[in-house]
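What the coordinates show
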Amino acid sequence: MSGRTLFLVWIIVAAGLLLTSCAFNLFGDFELQNLLSSGTVSQKLEAAKNALSGKNFNKAIALAGSVLNEELGLDLTNDQLIKLLDSTSTLYDFAQALYDKKDELTEEAIQAVKILLEAAAGASGKSLSDLLSDLETVAEELGWDMSEIMPKSRNIDSEENFWATLETAGGTIVSLLSSFMDNSQVLKLLASGYYVLTFATPTVDSSPMYAAFCMWYDLGYMLNLIFDTNNDGKITDETLIKNTITKPASFTEYASDTISGLYHDETACDEFVWAYGIMQDVMSLLNMTIPDAPATSDLCDAQYLPDLFELLGGDSQ
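From a predicted model like this one, the values you see are computed outputs, not experimental measurements. (Residues numbered from 1 in each chain as written. Predicted model: local features only at pLDDT ≥ 70, side-chain atom pairs only at ≥ 80, totals over all residues. Heavy atoms only, no water.)

1. Structural notes on the overall build of the protein
Rules: Secondary structure follows DSSP: runs of H or I at least 4 residues long count as helices, runs of E at least 2 residues long count as strands, and numbering of each begins at the N terminus. Partly exposed describes any residue whose relative accessible area lies between the buried limit of under 20% and the exposed limit of over 50%, with all areas from a 1.4 Å probe on protein chains only and scaled to the type maximum. Two residues qualify as a contact provided that any one of their heavy atoms is within 4.5 Å of a heavy atom in the partner residue. Values of accessible area rely on a 1.4 Å probe in the Shrake-Rupley scheme; residue burial ignores everything except the protein chains shown.
A count of helical and extended segments in the protein gives 16 helices and zero strands. By residue count, 47% of the 317 residues in the protein fall in the buried class. Taking as baseline every contact in the protein between residues at least 6 positions apart, the subset at least 24 positions apart corresponds to 69%. Surface exposure of the protein reaches about 15,500 Å², of which carbon and sulfur atoms provide 51%.

Rendered as structure tokens:
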């Protein structure tokens, strides 16, 4: 076989493989679009489970989101569902609707919520296994007794004030979890979803586990709001975070002249109060308490982080 003939053969083989790959991708897209447009709830849930098992997170999100679309009354298009994690405004609305409809969801919708949350966590790099690996360390720093939620956790003296402890342990926490606290809209979705599951599946085995995940994501969302001064949904680009990761023990020093992400930002303050309410509800279920949330106006007036932590650690009504 001449060199020219061999070259042509390889060109044909490469072209065939490329066309096969494109056909497969087009078929996959067609199958997804067909399910989203005309699939039954059971078909969508089954396909979503299979996609999740295959780590096709975006497909699982779109299918589970489609099931919830009607339940939440959002009327999202197929394209919006496929790109759900990429749209900040749509994802915020989705998370809020999920929370608002928490008492009206059917059993099928609850299954869809479970799939959606696991897929969203996987797609964003915030998997449940990753959370579990750090949960005990951070719980200890915060003074939480998580022994009833996670059997392997140690018993911890939780007499210290929640927010005061957070302030003193902030360096370690921020250093460990800064990347976890990125992507505020995903954190809100996960906090909302696990809140729903905490109270919609009130069994001895499942509810404490969902409560733990809810608190974890909710805390991440609140801290994101506090540290995100440029309102881009991320905190790893903030000067405080960068400095803290470099020198965790100096968190208090760096924080002393850092402006709160809630300062003069009424929207962020309202979101923080919303998330704080979730934390109170879930901790109450676990027989744990934190002080009442300060008023939005007080949160907006606390200029620097020490001012905010002092406010949160006090008895503000």
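2. Observations regarding the side chain of Asn69
Summarising the element assignment, Asn69 is placed in helix α3 (residues 57-72). With a relative accessible area of 9%, Asn69 lands in the buried category. Leaving out residues up to four positions away in the same chain, Asn69 has contacts with Leu74, Asp75, Leu76 and Leu81.

3. Observations regarding helix α2 (residues 41-53)
Basically, it comes down to this: To estimate how far a helix should extend, the number of its residues minus one is multiplied by 1.5 Å.
Taking 1.5 Å as the rise per residue, α2 with 13 residues should run 18 Å; its terminal C-alpha atoms sit 18 Å apart, in good agreement. Trailing α2 by a residue or two, Lys55 shows a phi angle of about 60 degrees, which is positive.

4. Some points on the packing of aromatic side chains
For clarity, the cut-off: Centre distance within 6.5 Å is the pairing criterion for rings of Phe, Tyr and Trp, where only the six-membered ring of Trp is used; planes under 30 degrees apart are then read as stacked, over 60 as edge-to-face, and the remainder as tilted.
Across all of its chains, the model carries eight aromatic pairs by this definition. Ring centres of Tyr194 and Tyr210 lie 6.0 Å apart, and the angle between their planes is 35 degrees; on these two criteria the pair is classed as tilted. With a gap of 16 residues between them, Tyr194 in helix α10 (residues 184-200) and Tyr210 in helix α11 (residues 206-227) connect regions that are remote in the sequence. With respect to class, Tyr194 is no different from Tyr210; both count as buried.

5. Let's talk about unusual backbone geometry
In the Ramachandran plot, Lys55 falls in the positive-phi region, its phi being about 60 degrees despite a non-glycine side chain. Assignment of secondary structure puts Lys55 in the loop between α2 and α3. You can call Lys55 exposed: its relative accessible area is 63%. Not every positive phi belongs to a glycine, and Asn183 is a case in point at roughly 65 degrees. Note on placement: Asn183 falls in the loop between α9 (170-177) and α10.

6. Let's talk about the nonpolar core
What counts here: For our purposes a nonpolar core is just a set of buried Ala, Val, Leu, Ile, Met, Phe, Trp, Tyr and Cys residues, chained together by side-chain atoms within 4.5 Å.
Core analysis: the largest hydrophobic core is formed by 94 residues, its most contacted members being Leu189, Tyr217, Ile226, Phe227, Leu262 and Phe272. When residues of this core are assigned to their parent elements, the largest contribution, 14 residues, is made by α11.

7. Digging into the state of the cysteines
Put simply, the test is: We call a pair of cysteine sulfur atoms a disulfide whenever their separation is within 2.5 Å.
One pass over the full model with this rule turns up zero disulfides. Free of any disulfide, Cys269 has its nearest cysteine sulfur in Cys300, 3.1 Å distant.

8. A look at the packing of α2 against helix α6 (residues 107-124)
We count it as follows: Only C-alpha atoms enter the line fits that serve as axes; for helices the fit covers just the stretch in contact. Angles between N-to-C directions range over 0 to 180 degrees. If an angle is under 35 degrees, it is roughly parallel; if it is over 145, roughly antiparallel; if it lies from 65 to 115, roughly perpendicular; otherwise it is oblique. By convention, the crossing between two helices is left-handed when the near helix turns anticlockwise from the far helix through less than a right angle, and right-handed when the turn is clockwise. In this count, Pro and Cys sit with the nonpolar residues alongside Ala, Val, Leu, Ile, Met, Phe, Trp and Tyr, while Asp, Glu, Lys and Arg are called charged and the others, Gly among them, polar.
One can describe the packing of α2 onto α6 by two numbers: an axis separation of 10 Å at closest approach and a directional angle of 25 degrees. Relative to α6, α2 is oriented roughly parallel. In terms of crossing hand, the pair formed by α2 and α6 is left-handed. Between α2 and α6, the residues in contact are Val41, Leu45, Ala48, Lys49 and Leu52 and Glu108, Gln111, Ala112, Ile115, Glu118 and Ala119, respectively. A class-by-class count of the residues in the contact of α2 with α6 yields seven nonpolar, one polar and three charged.

9. Observations regarding the packing of α3 against helix α5 (residues 88-100)
For the pair α3 and α5, interaxial distance at closest approach is 10 Å and the crossing angle is 60 degrees. Accordingly, the angle class assigned to the pair α3 and α5 is oblique. Where α3 crosses over α5, the two elements pack in a sense that is left-handed. Between α3, through Gly65, Leu68 and Leu72, and α5, the contact on the second element is made entirely by Phe94, Ala97 and Leu98. Looking at the contact of α3 with α5 residue by residue, the class counts come to five nonpolar, one polar and no charged.

10. What to know about α3
Condition: The bend at a residue is defined as the angle formed between two axes, one fitted to the seven residues ending at that residue and one fitted to the seven starting there.
In this model, α3 (16 residues) spans 21 Å end to end at C-alpha, consistent with the 22 Å of a helix rising 1.5 Å per residue. Where α3 bends most, the angle comes to about 30 degrees, and this point is Ser66. α3 sits mainly inside the fold: 12 of its 16 residues count as buried. Buried residues of α3: Lys59, Ala60, Ile61, Ala62, Leu63, Ala64, Gly65, Ser66, Val67, Leu68, Asn69 and Leu72, and no others. Two residues or fewer after α3 comes Gly73, characterised by a positive phi angle close to 65 degrees.

11. What about the pattern of salt bridges?
So the rule is basically this: Any Lys or Arg side-chain nitrogen located within 4 Å of an Asp or Glu carboxyl oxygen qualifies as a salt bridge.
In total, this model carries three salt bridges according to the counting rule given. A salt bridge links Glu31 to Lys59, with the nearest nitrogen and oxygen atoms 3.4 Å apart. Highlighted residues: Glu31 in helix α1 (residues 3-38) and Lys59 in helix α3, separated in sequence by 28 residues. According to the relative accessible area criterion, Lys59 is buried, its value standing at 19%. Close ionic contact of Glu271 with Lys188 constitutes a salt bridge, the shortest N to O distance being 3.0 Å. Of this pair, Glu271 sits in helix α14 (residues 266-285) while Lys188 is found in helix α10, placing the two residues 83 residues apart along the sequence. What makes Glu271 buried here is its relative accessible area of 16%. Under the relative-accessibility criterion, Lys188 is labelled buried at 2%.

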